[in-house]
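Listed here are the chains, written in short residue letters.
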Amino acid sequence: MEQCAEQDQALREEVIRAAIAYYEYRHAVRKEFKPGDRIPYAARVFDEAEITALIDSSLDFWLTTGRYAERFERMFEQFLEVQHCSLTNSGSSANLLAFMALTSPKLGERRIMKGDEVITVAAGFPTTVAPIVQFGAVPVFVDVSLPTYNIDVSQLEAALSETTKAVMVAHTLGNPFDLSSVKAFCDKYNLWLIEDNCDALGARYLYKNEWRYTGTIGHLGTSSFYPPHHMTMGEGGAVYTNEATLNRLVESFRDWGRDCWCPSGKDNTCSNRFGQVFGELPLGYDHKYVYSHFGYNLKLTDMQAAIGCAQIQKLPYFIESRKKNWKMLRDGLAGCEDRYILPEPTESSDPSWFGFLLTVRSDNGLSRDRVVNHLEKNGIQTRMLFAGNLIKHPCFDEMRREAKGFRVVGDLPNTNKIVQDTFWIGVYPGLNIEMITYIIDKIKAIS
């Protein structure tokens, strides 16, 4: 047995050495930037550590969630200083699970029911809102504030109704929303708060005189590990909370809706697998096949989690690089306020920037189309602020015909300005000084 283990380890090391050699041949060499080269808004940043972890995991051939996933969840909990983390297959699934957990009958009168209202914004990514709509609750849209691009907290009271149960909103492009005001509002009316933290991993907010990571102040937080984000697993996401009950509900919905909490490949964690009664099932029905919710299978593979275990060790560097690149752009574009609304961090926050937002001042003869086309022709990749105004998209056409498909507070003037005049450029760690200087020069050249 000992000889077999030694041979296994020797062969494993040989395979990993070959994989590292391929990495050095195929990926390690970075070509020098030349003006006109494509500058992406984001990309994966990795080295031999990710290759090593990926190959090591693949050799186990444990194709579902396993030892690396468990390791990453503990590492992520430690980083965020949060009690519970549950990995899932995407940030969008993380939002779905966070929301669906709040619909569980186990929450009694606080559960979100079909027809209940959830306050959110239209200026963002659709999967912050999609779970609300798909379940049959009613999204209530409020405007955002410029130049933070986050929820306008002055509209929260106007958005409130007798059926309001929750606030579900994102920290826009790494800039925290006003958590003090939103959390106080939720506490006042006994509402749930879901922080979509997919674009803001590592951002901090000064909450009650204590610096806290975004995603950990509300009842539930979510992250995405899609390649453009702060760290990547290729695909992947996470839901986190400090409440054990909510964590159990998240994992139930993630794992087919089952009542059992045994990890994959393990049995009888509760020590009473065949001794309980559930619903109308007979006494002793196998707890591993008892379902308390209509759930999904939204787990991720251990190979993805293995990449995450290597990436999370680089996360502090990734965050600081994004901050540095954002500041370089902000300082370099100072003086352009006559042409653009330049972004500003939220008060009492320490953003972990996902991108650099610019809103064209259309009253000076410029247009977003002209600016974006100029940048793209010069190799600088741009992106819109996701949906811009979600309710203007075709997916809302049918909802407009429904009696109560959604509700809007006011006319959303800033949201409508964003859909017309706003775009963003990257700040990811793969950018260097030459690239950022080039971007600044090309933006300043537009008149």
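A quick note: this is a predicted structure, and the numbers were derived from the prediction, not measured. (Residues numbered from 1 in each chain as written. Predicted model: local features only at pLDDT ≥ 70, side-chain atom pairs only at ≥ 80, totals over all residues. Heavy atoms only, no water.)

Colleague: Describe the sheet that holds strand E3 (residues 138-142), naming the residues involved and giving the relevant values.
Modeller: The sheet built from 8 strands is open, its strands ordered E1-E11-E10-E7-E6-E2-E3-E15 with mixed pairing. Since the sheet does not close on itself, it has two edges, and those belong to strand E1 (84-88) and strand E15 (407-408), each with one partner. Pairing analysis gives 5 bridges linking E1 to strand E11 (residues 237-241), with the strands arranged antiparallel. Bridging across to E11, threonine 88 finds its partner in glycine 237. (Pairing = 2+ DSSP bridges. Helix = DSSP H or I, 4+ residues; strand = E, 2+ residues; numbered from the N terminus.)

Colleague: Could you give an account of the environment of isoleucine 319, naming the residues involved and the relevant values?
Modeller: Turning to its location among the elements, isoleucine 319 is positioned in helix H10 (residues 315-332). For isoleucine 319, a relative accessible area of 5% gives the class buried. When near neighbours in sequence (up to four residues on either side) are disregarded, isoleucine 319 contacts Phe79, Leu201, Gly202 and Ser352. (Buried < 20%, exposed > 50% of the residue type's maximum accessible area, 1.4 Å probe, protein only. Contact = heavy atoms within 4.5 Å.)

Colleague: I'd love a proper account of the packing of helix H3 (residues 67-80) against helix H9 (residues 302-311), names of residues and values included.
Modeller: Running from N to C, H3 and H9 point in directions that differ by 40°, and their axes come no closer than 7 Å. Considering the angle they form, H3 stands oblique to H9. As H3 packs across H9, the resulting crossing turns out to be left-handed. Counting all contacts with H3, which are made through Arg67, Tyr68, Ala69, Arg71, Phe72 and Met75, the residues of H9 involved are Asp302, Ala305, Ala306, Gly308 and Cys309. (Axes fitted to C-alpha atoms, helices over the stretch in contact; angles between N-to-C directions. Parallel < 35°, antiparallel > 145°, perpendicular 65-115°, else oblique. Left-handed = near helix turned anticlockwise from the far one by under 90°.)

Colleague: Give me the side chain of arginine 12: which residues, what numbers.
Modeller: When you line up the elements, arginine 12 lands in helix H1 (residues 2-26). For arginine 12, a relative accessible area of 12% translates into the label buried. Separated by 2.7 Å, the side chains of arginine 12 and aspartate 56 make a polar contact. A polar contact of 2.9 Å, which involves the side chain of arginine 12, links it to the side chain of aspartate 60. (Polar contact = N/O pair within 3.5 Å; in protein donor to acceptor, adjacent residues only side chain to side chain.)

Colleague: Could you give an account of the nonpolar core, naming the residues involved and the relevant values?
Modeller: By size, the foremost hydrophobic cluster in this structure holds 32 residues, and its most contacted members are Ile119, Ile151, Val167 and Val182. Counting only elements with at least two residues in this core, the list comes to strand E2 (117-121), E3, helix H6 (156-159), strand E6 (164-170), helix H7 (179-188) and strand E8 (204-207). Ranked by residues supplied to this core, first place goes to H7 with 4 residues. Among all residues touching valine 182, those that are not within four sequence positions of it are Ile151, Val153, Leu156, Val167, Phe177 and Leu193. Counting residues in hydrophobic clusters, the runner-up holds 29 residues, among them Leu329, Ile380, Met435 and Ile446. (Core = buried A, V, L, I, M, F, W, Y, C linked by side-chain atoms within 4.5 Å.)

Colleague: Quick rundown of a nonpolar patch on the surface? Include the residues and the values.
Modeller: Residues Trp256, Leu281, Tyr285, Tyr289 and Tyr291 make up a contiguous nonpolar surface patch of about 530 Å² in total accessible area. Turning to its location among the elements, tyrosine 291 is positioned in the loop between helix H8 (244-254) and H9. (Patch = residues over 30% accessible without salt bridge, like charges linked within 9 Å, V, L, I, M, F, W, Y side chains within 5 Å. Areas by Shrake-Rupley, 256 points an atom, 1.4 Å probe, with all protein chains shown as cover. Salt bridge = Lys/Arg side-chain N within 4 Å of Asp/Glu carboxyl O.)

Colleague: So what's going on with the sheet that holds strand E16 (residues 422-426)? Which residues, and what values?
Modeller: Strand order in the open sheet made by the 3 strands is E12-E14-E16, with antiparallel pairing throughout. Each having just a single partner strand, strand E12 (340-341) and E16 make up the two edges of the open sheet. Bridge analysis of E12 against strand E14 (residues 355-360) gives 2 bridges, and the strand direction is antiparallel. Each bridged residue has a counterpart across the sheet, and for tyrosine 340 the counterpart in E14 is valine 360.

Colleague: I'd like to hear about H10, residue by residue, with values.
Modeller: With 18 residues, H10 should reach 26 Å at 1.5 Å per residue; the first-to-last C-alpha distance of 26 Å fits that figure. Taken together, the buried positions of H10 are occupied by Leu315, Phe318, Ile319, Ser321, Arg322, Lys323, Asn325, Trp326, Leu329, Arg330 and Gly332. Structurally, H10 contributes buried residues whose contacts are with H3, H9, strand E13 (349-350), E14, E16 and helix H14 (433-444). (Expected span 1.5 Å × (residues − 1).)

Colleague: Could you give an account of the packing of H10 against H14, naming the residues involved and the relevant values?
Modeller: Put simply, H10 and H14 touch, their axes get as near as 10 Å, and they point 30° apart. In terms of orientation, H10 and H14 fall into the roughly parallel class. Like other packed secondary-structure pairs, H10 and H14 cross with a definite hand, here right-handed. Here Asn325, Met328, Leu329 and Gly332 of H10 come into contact with H14, specifically with Ile433, Ile436, Ile439, Ile440 and Lys444. Among the residues forming the contact of H10 with H14, the class breakdown is 6 nonpolar, 2 polar and 1 charged. (Nonpolar A, V, L, I, M, F, W, Y, C, P; charged D, E, K, R; others polar.)

Colleague: An account of the pattern of salt bridges is requested, with residue identities and associated values reported.
Modeller: Tallied over the entire structure, the rule returns 28 salt bridges. A salt bridge links lysine 323 to glutamate 320, with the shortest nitrogen-to-oxygen separation between them at 3.6 Å. Taken as a pair, lysine 323 and glutamate 320 lie in helix H10 at a separation of 3 residues, close to a single helical turn. We classify lysine 323 as buried; its relative accessible area is 19%. Judged by relative accessible area, glutamate 320 falls into the partly exposed class, the value being 47%.

Colleague: Explain the state of the cysteines to me, and be specific about the residues and the numbers.
Modeller: In this structure the tally under the stated criterion is 0 disulfides. We note that cysteine 309 lacks a disulfide partner, and the nearest cysteine sulfur, in cysteine 85, lies 11 Å from it. In this model cysteine 395 remains outside any disulfide bridge; the closest cysteine sulfur is found in cysteine 198, 18 Å from its own. (Disulfide = S-S within 2.5 Å.)

Colleague: Can you tell me about the pairing of E6, naming the residues and giving the values?
Modeller: Counting buried positions along E6 gives 6 out of 7 residues, so the element sits mostly inside the fold. Pairing between E2 and E6: 3 bridges, direction parallel. The residue of E6 that forms the bridge with isoleucine 119 is valine 167. With 5 bridges joining them, E6 and strand E7 (residues 192-196) adopt parallel strand pairing. Bridge assignment links valine 167 to a residue of E7, and that residue is leucine 193. Handedness of the crossover joining E6 and E7 through H7 is recorded here as right-handed. (Right-handed = clockwise from strand over helix to strand, strands pointing away.)

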